[in-house]
Amino acid sequence: MALGVIFTSFFAALGQIGDPRFRKVLFLGLGLTIGLLFVAYLGLVGFLNWIGLADWMASWFGDRDWIGSAIGAGSFLAMMVLSVFLMVPVASAMTSMFLDQVADAVEDVHYPQLPDVPALPLSEAVMDTLSFLGILIVANILALLLYVALPPFAPLIFWGLNGFLLGREYFTVAAMRRVGREGAKDLRRKHAVTIWAAGILMAIPLSVPLVNLLVPILGAATFTHIYHRL
């Protein structure tokens, strides 16, 4: 395991965190995340109206207007509570659509001798994002069973699982720009332990509010360095 590569890559990425292109990706990811959560809220309200929940409750309690307002407020409150848990995985997935821009910024500053690479097609980026989001959410839902069964080890399980997922995603993004998807898979298998360890380093800040929103950008930058140094 190349610990020296991991830490030198991390601190190089941290030194570039103020890059305007890093901020652009952060704001794009957060904007899309907030928009997606708002659409989900509207979809929930629409679904409740479609099944006639307000009419059913009015038949029991009367005063349909009051019930409608209560359902709307309750739906909003429910989405606010859910957003606390969904914000990080959704923001990570949304931001991952633009991580090649972070890799471009890193290479422009630290590896200017490299030739330019074509941008990832938007359709492919969206499919990768949806795939990553699905895996991230399903894996963490299943991990809840382990958290309940082994509460003292919950933080280690969380870091280990998300470290594996984040390392897999970010290294693939960094590597496939240069060697293609299959080449990235081969390199990922060859350096699996180093990539997992670096992913755990990215997963630890996921437990820190606000800082966790920087993880996708910092992770993409770190793994771009790791790819080139390996």
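Note: the structure precedes this text.
Residues numbered from 1 in each chain as written. Predicted model: local features only at pLDDT ≥ 70, side-chain atom pairs only at ≥ 80, totals over all residues. Heavy atoms only, no water.

Caption draft 1: The packing of aromatic side chains, seen in detail. Inspection of every chain in the model, using the stated rule, returns four aromatic pairs. Taking 6.0 Å as the distance between ring centres and 75° as the angle between the ring planes, the aromatic pair formed by Phe164 and Trp196 counts as edge-to-face. With a gap of 32 residues between them, Phe164 in helix α7 (residues 154-190) and Trp196 in helix α8 (residues 192-203) connect regions that are remote in the sequence. (Phe/Tyr/Trp six-rings, centres within 6.5 Å; stacked < 30°, edge-to-face > 60°. Helix = DSSP H or I, 4+ residues; strand = E, 2+ residues; numbered from the N terminus.)

Caption draft 2: Highlighting a nonpolar patch on the surface. A cluster of nonpolar residues, Met1, Leu3, Phe7, Phe11, Leu14 and Val193, forms a patch on the protein surface that exposes about 610 Å² of accessible area. In terms of residue count, the dominant contributor to the nonpolar patch is helix α1 (residues 3-14) (four residues). Mapped onto the elements of the fold, Met1 is located in the segment before α1. Met1 gets classed as exposed once you look at its relative accessible area, which sits at 59%. (Patch = residues over 30% accessible without salt bridge, like charges linked within 9 Å, V, L, I, M, F, W, Y side chains within 5 Å. Areas by Shrake-Rupley, 256 points an atom, 1.4 Å probe, with all protein chains shown as cover. Salt bridge = Lys/Arg side-chain N within 4 Å of Asp/Glu carboxyl O. Buried < 20%, exposed > 50% of the residue type's maximum accessible area, 1.4 Å probe, protein only.)

Caption draft 3: Expanded view of the packing of α7 against α8. Put simply, α7 and α8 touch, their axes get as near as 6 Å, and they point 130° apart. In terms of orientation, α7 lies oblique with respect to α8. Along this stretch, α7 crosses α8, giving a crossing that reads as right-handed. Partitioning the contact of α7 with α8 into residue classes produces twelve nonpolar, five polar and four charged. (Axes fitted to C-alpha atoms, helices over the stretch in contact; angles between N-to-C directions. Parallel < 35°, antiparallel > 145°, perpendicular 65-115°, else oblique. Left-handed = near helix turned anticlockwise from the far one by under 90°. Nonpolar A, V, L, I, M, F, W, Y, C, P; charged D, E, K, R; others polar.)

Caption draft 4: Broad picture of the pattern of salt bridges. Here the structure, examined in full by the defined rule, presents seven salt bridges. With its nearest N and O atoms 2.7 Å apart, the salt bridge here joins Arg21 to Asp108. You can see Arg21 sitting in helix α2 (residues 20-50) and its partner Asp108 sitting in helix α5 (residues 99-110), a full 87 residues away along the chain. Judged by relative accessible area, which is 33%, Arg21 ranks as partly exposed. A salt bridge links Arg189 to Asp186; its shortest N-O distance comes to 2.5 Å. Residue Arg189 and its partner Asp186 are both found in helix α7; the two are separated by three residues, about one turn of the helix. Residue classification places Asp186 among the partly exposed positions, given a relative accessible area of 43%.

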